[in-house]
Amino acid sequence: MKIELGAQNCLYPMPTTLVGATVEGKPNFITIAHVGIMDLGSVSLGMAKAHYTNAGIKENGTFSVNLPSADMVKETDYCGLASGKRVDKAQLFHIFYGNLKTAPMVAECPINMECKLIKVVDFPKHDVFIGEIVTTYAEDAVLTDGAVDYGKVRPLLFTMVDQSYWMLGKRFAKAWSIGKDLNGHKST
Ligand SMILES: Cc1cc2nc3c(=O)[nH]c(=O)nc-3n(C[C@H](O)[C@H](O)[C@H](O)COP(=O)(O)O)c2cc1C
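Residues numbered from 1 in each chain as written. Predicted model: local features only at pLDDT ≥ 70, side-chain atom pairs only at ≥ 80, totals over all residues. Heavy atoms only, no water.

Please explain the packing of aromatic side chains as it appears in this structure.
Ring pairs (aromatic) are described by centroid distance and by the angle formed between their planes. For the structure on display, the rule yields four aromatic pairs. Consider the rings of Phe-96 and Tyr-137, whose centres lie 5.5 Å apart with planes at 85°: the pair is edge-to-face. Placement of the pair is Phe-96 in strand E7 (residues 95–96) and Tyr-137 in strand E10 (residues 126–138), with a sequence separation of 41 residues. Look at Phe-96 and you get partly exposed, because its relative accessible area is 23%. Here Phe-158 and Tyr-165 contribute two aromatic rings whose centre-to-centre distance is 6.3 Å and whose plane-to-plane angle is 50°, an arrangement assigned as tilted. Judged by its relative accessible area of 15%, Phe-158 is buried. One aromatic cluster is present, formed by Tyr-12, Phe-158 and Tyr-165 through successive ring pairs. (Phe/Tyr/Trp six-rings, centres within 6.5 Å; stacked < 30°, edge-to-face > 60°. Helix = DSSP H or I, 4+ residues; strand = E, 2+ residues; numbered from the N terminus. Buried < 20%, exposed > 50% of the residue type's maximum accessible area, 1.4 Å probe, protein only.)

In this structure, what is going on with unusual backbone geometry? I would like to understand it.
A negative phi angle characterises most non-glycine residues, just as the trans form characterises most peptide bonds. With an omega of 0°, the peptide bond between Tyr-12 and Pro-13 qualifies as cis. By the secondary structure assignment, Pro-13 is in the segment before strand E1 (14–15). Positive phi, normally seen in glycine, also occurs at Glu-24, with a value near 50°. Tracing the sequence through the fold places Glu-24 in the loop between strand E2 (17–23) and strand E3 (26–32). Of note in this structure, Lys-101 is not a glycine but carries a positive phi near 70°.

See below:
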């Protein structure tokens, strides 16, 4: 039996990210879970217009997307509770900059993507920022044979309905592979 839930967005869990930007000349970080992949080289961020960070992304045309690991849950949650209008969230982290110079990144996060703003989609209450990934940085400890190993990254996952954080489960099948077991299935 199906129960109607109204128009509820159930596209969770999502990775929780820390988005970095320079706002009024200073680094600021905001927790963003409404992230997307536009094509393999670009990302989207759905950010309410009321946030302090938005103006900095528009002004500099740059931002960073940092992936905190599960053990950074307190700092990540704090960046989603407090506004840069009132507190200096950058003091929580060691910060570094890459080629774009105005996209602050969190050294403690195992993965950092430095992005150049390519488009802002204007929704009534949200700015959807679309950015091209210019450079990605990874902590060597989360790589296996030179590739990002998400078991080592331990990304922080978020669900809206219960406002909770989750950890990644176990890898259990190979993509573009396990489905081959159905090759030759009966088609109608
Ligand atoms: C787990 C979590 C996820 C969040 N995801 C989003 C999001 O995707 N979009 C958004 O606009 N705000 C999101 N927020 C809220 C902002 O992070 C929060 O309002 C923040 O304090 C704004 O910071 P700023 O004013 O310094 O820009 C999230 C908060 C939390 C705790």
